Amino acid sequence: MALCLFFLAPMSSVGIRNTNIASSKKQKLEVRQQLKSLNKPALKTIKSPNGDIIDCVDIYNQPAFDHHLLKNHSIKMRPSSHPEGLSFDESNNVSSNSKSEITQPWHLSGSCPEGTIPIRRTNEKDLLKANYGRKKHNTVPNVIDTPSLHEYATHREEGERYYGMNAEINVWNPQVQEQAEFSMVQFWVEGVDNNGVFLDSIEAGKQVYYDLYKDFETRLFTYWTSDGYQNTGCYNMVCPGFVQINTRLALGASFIPYSEYGGVQKSINYFVYKDNVDGNWWLHLNNMYLIGYWPSALFSVLSNSASSVTWGGEVANLNIGGQHTTTQVGSGHFAEEGPSRASYFQNLKVMDAEQFLRGPRDNHRIVTYPDCYNFLKGDDFFYYGGPGRSLLCP
């Protein structure tokens, strides 16, 4: 019997090893197939000074249309409807308003030709490390129980049906302690079904996320999910879904310059709204960049309307060594420091079914650890942020 066990043990470990090898090969095959789908043939390739590779891809050959729900989708170059007083005629004329211009490092090396869009190239290691560009956990504050890994300083408007939102956010480059942690500021436009189950979310903002980008720069991002972050959705263009039409800004690319502490503030205005003709959710930046849209066909609840809108900051805290992370939110300074020192959201608005924009009415705050990251609200704005671990936040 002992002899049999002696021979069985190594055979068992060999079986496990072979299974792991087979699983690894299968995963690599899946990744290569996805990369082939994502990294479309480029009409021009631009090497950014920060190391990013930007591929200029035919606008009609972008990853979005590989989604099974969008196979017969006809790309929209403009919304079919828009709120009164908002025009998209100047969207690509970046020279008309230099104050509103958004600059990314790859612009120093060139631009994409007409009829193409810039897509940050994804490689095999990036895709594996980033779990195919999906979020590892639910990250909508208080929708369902959120792992203690995530900490928030946010404001939420809920209780009605929503068809859009607006927010201006200043741009900082917060320090992040660990490669597996992140710091981000964003909006969430969320859909909860009649049973209170969270399903749909569209999101955009700025993030420092080494696992996704291999550096600690602040980057422009979008996100979506239609099943509560389980199997659908991703950041930027790392999976089919979001349809980009803008030829100047690359999702996942960083910014230059950032805001200065006590000095010049750089900000981006995010406006997202639901087209009341075709139902798509459009993303508009700084009143001059029409980025693209999340097709209505991707969603169940959001194909009709949103249940809530949330704005604010979020970090991942790994508690290395039993201590709170030093990862910062926003400028890394508390809300009380105010203008040009603290991070802010301003010009907060939500949109009703008549495409009327109004200020938020609800005062529902979600601040998980106020000694680490806090929040100070005004009428249509709030300051937020903090340094993470400090004398107040051990």
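The rules behind each value
- Residues numbered from 1 in each chain as written.
- Predicted model: local features only at pLDDT ≥ 70, side-chain atom pairs only at ≥ 80, totals over all residues.
- Heavy atoms only, no water.
- Pairing = 2+ DSSP bridges.
- Helix = DSSP H or I, 4+ residues; strand = E, 2+ residues; numbered from the N terminus.
- Core = buried A, V, L, I, M, F, W, Y, C linked by side-chain atoms within 4.5 Å.
- Buried < 20%, exposed > 50% of the residue type's maximum accessible area, 1.4 Å probe, protein only.
- Phe/Tyr/Trp six-rings, centres within 6.5 Å; stacked < 30°, edge-to-face > 60°.
- Lys NZ or Arg CZ within 6 Å of the ring centre and 35° of its normal.
- Salt bridge = Lys/Arg side-chain N within 4 Å of Asp/Glu carboxyl O.
- Contact = heavy atoms within 4.5 Å.
- Disulfide = S-S within 2.5 Å.
- pLDDT = per-residue confidence, 0-100.
- Axes fitted to C-alpha atoms, helices over the stretch in contact; angles between N-to-C directions.
- Lys, Arg positive; Asp, Glu negative; His and termini not counted.
- Polar contact = N/O pair within 3.5 Å; in protein donor to acceptor, adjacent residues only side chain to side chain.

Colleague: Can you walk me through the sheet that holds strand S17 (residues 364-367) in this structure?
Modeller: Paired through backbone hydrogen bonds, the strands of a sheet run either parallel or antiparallel to each other. Taking strand neighbours across the sheet as the criterion, the 7 strands line up as S9-S8-S7-S6-S14-S4-S17 in an open arrangement whose pairing is antiparallel. Looking at which strands have only one partner, the edges of the open sheet turn out to be strand S9 (234-235) and S17. As judged from the 4 bridges shared by strand S4 (residues 150-162) and S17, these two strands associate in the antiparallel manner. Each residue of the ladder has a partner; that of Thr-154, found in S17, is Ile-366.

Colleague: Where do I start with the nonpolar core in this structure?
Modeller: Side chains of a nonpolar character, in soluble globular proteins, are inclined to be buried together. Membership of the largest hydrophobic core comes to 66 residues, with the highest contact counts inside it found for Tyr-270, Leu-285 and Trp-311. In this structure, Tyr-152, Tyr-209, Tyr-213 and Tyr-223 belong to the second largest nonpolar core, which totals 14 residues.

Colleague: It is not clear to me how the packing of aromatic side chains should be interpreted in this structure. Could you clarify?
Modeller: Within the structure shown, the criterion is met by 18 aromatic pairs. Relative to Tyr-383, the ring of Phe-381 has its centre 5.7 Å away and its plane inclined at 75°; by these criteria the two rings are edge-to-face. The exposure class of Phe-381 is partly exposed, given its relative accessible area of 30%. Relative to Tyr-384, the ring of Phe-382 lies with its centre 5.8 Å away and its plane at 65°, an arrangement referred to as edge-to-face. Site record: aromatic cluster; members linked through ring pairs are Phe-182, Phe-198, Tyr-209, Phe-221, Tyr-223, Tyr-229 and Tyr-235. Seen from the ring of Tyr-261, Arg-341 lies directly overhead, with NZ or CZ sitting 5.5 Å from the centre.

Colleague: Just checking my understanding: could you explain the pattern of salt bridges for this structure?
Modeller: Pairs can form between side chains of opposite charge whenever their charged atoms are close. Following the criterion strictly, the structure yields 10 salt bridges and no others. Ionic pairing is found between Asp-380 and Lys-349, a salt bridge with its closest N-O pair at 3.7 Å. Here Asp-380, found in the loop between strand S18 (374-377) and strand S19 (382-385), pairs with Lys-349, found in strand S15 (residues 343-351); they are 31 residues apart in sequence, far enough to count as distant. Judged by its relative accessible area of 25%, Asp-380 is partly exposed. Residue Lys-349 is classed as partly exposed on the basis of its relative accessible area, which comes to 24%. The structure contains a network of salt bridges with shared partners spanning Asp-52, Arg-120, Asp-215 and Arg-219.

Colleague: Would you mind showing me how to read the environment of Gly-115 here?
Modeller: With respect to the element layout, Gly-115 can be found in the loop between strand S2 (53-58) and strand S3 (116-120). Taking the C-alpha atoms as reference, Gly-115 lies 9.0 Å from Ile-245; in sequence the two are 130 residues apart. In this structure, Gly-115 is in contact with Val-57, Asp-58 and Ile-59, ignoring residues within four places of it in sequence.

Colleague: In this structure, what is going on with the state of the cysteines? I would like to understand it.
Modeller: A covalent bond between the sulfur atoms of two cysteines is referred to as a disulfide. Tallying each qualifying case throughout the model produces 3 disulfides. In this model, Cys-56 is linked to Cys-112 through a disulfide, with the two sulfur atoms separated by 2.1 Å. Sign of the S-S torsion, about -80° for the bond between Cys-56 and Cys-112, identifies this disulfide as left-handed. With Cys-56 in strand S2 and Cys-112 in the loop between S2 and S3, the pair connects residues that are 56 residues apart, well separated along the chain. Per residue, the accessibility class of Cys-56 equals that of Cys-112, and both read buried. The partner cysteine of Cys-234 in its disulfide is Cys-239, sulfur to sulfur 2.1 Å. Of note, the bridge from Cys-234 to Cys-239 carries an S-S torsion of about -85° and is left-handed in sense. When sorted by exposure, Cys-234 lands in the same class as Cys-239, which is buried.

Colleague: Before we go on, may I ask you to explain the confidence of the model for the protein in this structure?
Modeller: For any part of a model where pLDDT is low, the fine detail of the predicted coordinates should not be relied upon. In the predicted model, the protein carries a mean pLDDT of 87, and the fraction of residues at 70 or more is 83%. Taken as a whole, residues 1-13 scores under 50 in pLDDT and shows 0 contacts with residues more than four places along the chain or in a different chain. Note that pLDDT drops below 50 for residues 90-97; the model gives that stretch 16 contacts with residues more than four away or on any other chain.

Colleague: When you look at the pairing of strand S11 (residues 267-274) in this model, what are you seeing that I'm missing?
Modeller: Along any regular strand the residues' side chains alternate between the sheet's two faces. Buried residues dominate S11, accounting for 7 of its 8 residues. One ladder, built from 7 bridges, connects strand S5 (residues 164-170) with S11; its direction is antiparallel. Bridged to Asn-166 within S11 is Phe-271. Direction of pairing for S11 relative to strand S12 (residues 281-285): antiparallel, over a ladder of 5 bridges. Across the sheet, residue Lys-274 finds its bridge partner in S12, namely Trp-281.

Colleague: Even after reading the chapter, I still don't get the sheet that holds S3, so can you show me in this structure?
Modeller: Strand order in the open sheet made by the 3 strands is S1-S2-S3, with antiparallel pairing throughout. Strands at the two margins of the open sheet, each flanked by one partner only, are strand S1 (42-47) and S3. Averaged over all pairs of adjacent strands, the angle between their axes in this sheet comes to 25°, without regard to strand direction. Across 5 bridges, the pairing between S1 and S2 is antiparallel. In the strand pairing of S2, Lys-47 is matched with Ile-53.

Colleague: What should I look at first to understand the side chain of Glu-181 in this one?
Modeller: Counting through the fold element by element, Glu-181 comes out in the loop between S5 and strand S6 (182-192). For the buried residue Glu-181, which engages in no salt bridge, the nearest side chain bearing the opposite charge is Arg-389, 8.0 Å off. A polar side-chain atom of Glu-181 sits 2.7 Å from a polar atom in the side chain of Thr-325. Not counting residues within four places of it along the chain, the set of residues in contact with Glu-181 comprises Val-176, Val-208, Tyr-209, Tyr-210, Ala-316, Asn-317, Leu-318, Asn-319, Thr-325 and Thr-327.

Colleague: Can you help me understand the environment of His-67 in this one?
Modeller: Tracing the backbone shows His-67 in the loop between S2 and S3. According to the relative accessible area criterion, His-67 is buried, its value standing at 14%. His-67 sits 174 residues away from Gly-241 along the chain, and the two C-alpha atoms are 6.2 Å apart. In this view, His-67 contacts Trp-224, Pro-240 and Leu-298; residues no more than four positions away in its chain are not counted.

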